[in-house]
Amino acid sequence: MSTSEPAAYRPPEDRTTPDRLLHARTGTDVSPEDLVLASGKDLTPHNLEWARRKLAAEGPSALEKLLP
């Protein structure tokens, strides 16, 4: 494969990572700080309040929605 055709290569479908291996939760509670850091934002009072509201509305799955 030449370097001029990088989009032409596609890995076989069976090499796709299973969904069960993609989740980041470790069984611990998700804190507002975790959510802010996972979103790539700075730990500021404003961002922490955003994270508290998001956790209240979505629960721990809010973290899963932010991570790849």
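The rules behind each value
Residues numbered from 1 in each chain as written. Predicted model: local features only at pLDDT ≥ 70, side-chain atom pairs only at ≥ 80, totals over all residues. Heavy atoms only, no water. Core = buried A, V, L, I, M, F, W, Y, C linked by side-chain atoms within 4.5 Å. Buried < 20%, exposed > 50% of the residue type's maximum accessible area, 1.4 Å probe, protein only. Helix = DSSP H or I, 4+ residues; strand = E, 2+ residues; numbered from the N terminus. Contact = heavy atoms within 4.5 Å. Salt bridge = Lys/Arg side-chain N within 4 Å of Asp/Glu carboxyl O.

Draft legend 1. View of the nonpolar core. With eight residues, the main nonpolar core is built from V30, L35, V36, L48, A51, L55, A62 and L63. Going through the elements one at a time, α1 (32-38), α2 (45-58) and α3 (61-66) are the ones with two or more residues in this core. Examining the composition of this core, we find that three residues originate from one element, α2, more than from any other. Excluding residues within four positions of it along the chain, L63 makes contact with V30, D34, L35 and A38.

Draft legend 2. Layout of the pattern of salt bridges. Within this structure, the stated rule accounts for four salt bridges. Of the charged contacts in the structure, one is a salt bridge between E49 and R53, with a shortest N-O distance of 4.0 Å. Taken together, the residues span about one helical turn, with E49 and R53 both in helix α2 at a distance of four residues. By relative accessible area, which is 35% here, E49 ends up partly exposed. Close ionic contact of E58 with K54 constitutes a salt bridge, the shortest N to O distance being 3.0 Å. Of this pair, E58 and K54 both sit in helix α2, four residues apart, which is roughly one turn of the helix. Assessed through its relative accessible area of 28%, E58 is described here as partly exposed. Salt bridges sharing common partners tie together E49, R52 and R53.

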